[in-house]
Amino acid sequence: MSDATMDLRSVTIDDSGLSAPTPEIEQERKVAIFDLLEDNSFQLPGKAGRDVPPPPYDLELCIRERRLVFDLKCDSGPVAEFHLSLGPFRQAVKDYFQICESYFDAVKKLPPSQIEAIDMARRGIHNEGARLLQERLEGKAEIDIDTARRLFTLICVLHWGG
């Protein structure tokens, strides 16, 4: 029996109007969505005078008018939509892509000890981006660190194309 939570039953990315992803970016996206759907925690806090439909939810992520949009639906229809400024994520996304590029290059030509050091830095930046996402979603949605990490990967994918 698994302890996995599945508050999100589907995740789609609306990348219309964005540049086509590289094969590496597309792979990161597929892995993040797969992992996210295997185990995630995404709770919506109740609002005064309004009941929040219980999970599972269908999530669509996109960039609209230079803002990151989380659009949540359930069987009964729309649940919530919130827009986050991309500004606070820019540096974390830039750092993440730079370290990923270093990591992909290192895997091809460096010894395991150096690859491990780069991978530790990559995980640190990834965790920083995940914590930032948790902060930005405060009051809108409660997510655990693993869900935040996977969503941060998807934000990076959208950022790359935008």
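1. Section: the overall build of the protein chain
No. 1: The helix and strand tally for the protein chain stands at four helices and six strands.
No. 2: Listing the helices and strands of the protein chain from first to last along the sequence gives β-α-β-β-β-β-α-α-β-α.
No. 3: For the protein chain, the C-alpha radius of gyration of 16 Å lies close to 15 Å, the compact-globule estimate for 162 residues.
No. 4: The dimensions of the protein chain, computed from C-alpha atoms along their principal axes, are 60 × 40 × 25 Å.
No. 5: By the burial criterion, 39% of the 162 residues in the protein chain qualify as buried.
No. 6: In the protein chain, of all internal contacts separated by at least 6 residues, the share reaching a separation of at least 24 is 63%.
No. 7: Surface summary for the protein chain: the accessible area is close to 9100 Å², and the carbon and sulfur share equals 50%.
No. 8: The averaged location of the 28 negative side-chain charges in the protein chain is 5 Å from the averaged location of its 20 positive side-chain charges.

2. Observations regarding helix H1 (residues 23-38)
An α-helical segment advances 3.6 residues per turn. Residues three or four places apart therefore align on the same side.
No. 1: End to end, H1 covers 23 Å across 16 residues, agreeing with the expected 22 Å (1.5 Å per residue, within 8%).
No. 2: Along H1, the residues that are buried comprise Ile 25, Arg 29, Ala 32, Ile 33 and Leu 36. Along the axis of H1, the buried positions cluster into a sector of 95 degrees, meaning they face one direction only. For H1, the exposed residues set more than 90 degrees away from the buried face come down to Pro 23, Lys 30 and Phe 34.

3. So, the packing of helix H2 (residues 90-109) against helix H3 (residues 112-136)
No. 1: Running from amino to carboxyl end, H2 crosses H3 at an angle of 160 degrees, the nearest separation of the two axes being 9 Å. As judged from the angle between their axes, H2 and H3 are roughly antiparallel. Where H2 crosses over H3, the handedness of that crossing is left-handed. Counted together, Ala 92, Asp 95, Tyr 96, Ile 99, Cys 100, Ser 102, Tyr 103, Ala 106 and Val 107 of H2 and Ile 115, Ile 118, Asp 119, Ala 121, Arg 122, Ile 125, His 126 and Gly 129 of H3 form the full contact between these two elements.
No. 2: Considering only residue class, the contact of H2 with H3 consists of eleven nonpolar, three polar and three charged.

4. Details of the side chain of Arg 150
No. 1: You can see Arg 150 is positioned in helix H4 (residues 145-161).
No. 2: One buried charged residue, Arg 150, remains without a salt bridge, the closest side chain of opposite sign being Asp 35 at 4.5 Å.
No. 3: Excluding residues within four positions of it along the chain, Arg 150 makes contact with Ala 32, Asp 35, Leu 36 and Asp 39.

5. Remarks on the pattern of salt bridges
Side chains that differ in sign of charge can pair as their charged atoms come close.
No. 1: By the definition in use, this model includes eight salt bridges.
No. 2: The residue Asp 15 makes a salt bridge to Arg 29 at a minimum N-O spacing of 2.8 Å. Pair noted here: Asp 15 is in the loop between strand E1 (8-14) and H1 and Arg 29 is in helix H1, with a separation of 14 residues, a long-range link.
No. 3: According to the relative accessible area criterion, Asp 15 is partly exposed, its value standing at 29%.
No. 4: Residue Arg 29 is classed as buried on the basis of its relative accessible area of 13%.
No. 5: For Glu 26, the salt bridge is made with Arg 29, and the minimal N-O distance between the two is 3.9 Å. Note that Glu 26 and Arg 29 are positioned in helix H1 at a spacing of three residues, about one turn of the helix.
No. 6: Overall, Glu 26 belongs to the partly exposed group, its relative accessible area being 24%.

The rules behind these values
Residues numbered from 1 in each chain as written. Predicted model: local features only at pLDDT ≥ 70, side-chain atom pairs only at ≥ 80, totals over all residues. Heavy atoms only, no water. Helix = DSSP H or I, 4+ residues; strand = E, 2+ residues; numbered from the N terminus. Rg over C-alpha atoms; globule rule 2.2 N^0.38 Å. Buried < 20%, exposed > 50% of the residue type's maximum accessible area, 1.4 Å probe, protein only. Contact = heavy atoms within 4.5 Å. Areas by Shrake-Rupley, 256 points an atom, 1.4 Å probe, with all protein chains shown as cover. Lys, Arg positive; Asp, Glu negative; His and termini not counted. Charge placed at Lys NZ, Arg CZ, Asp CG, Glu CD. Expected span 1.5 Å × (residues − 1). Arc of directions from axis to C-beta. Axes fitted to C-alpha atoms, helices over the stretch in contact; angles between N-to-C directions. Parallel < 35°, antiparallel > 145°, perpendicular 65-115°, else oblique. Left-handed = near helix turned anticlockwise from the far one by under 90°. Nonpolar A, V, L, I, M, F, W, Y, C, P; charged D, E, K, R; others polar. Salt bridge = Lys/Arg side-chain N within 4 Å of Asp/Glu carboxyl O.

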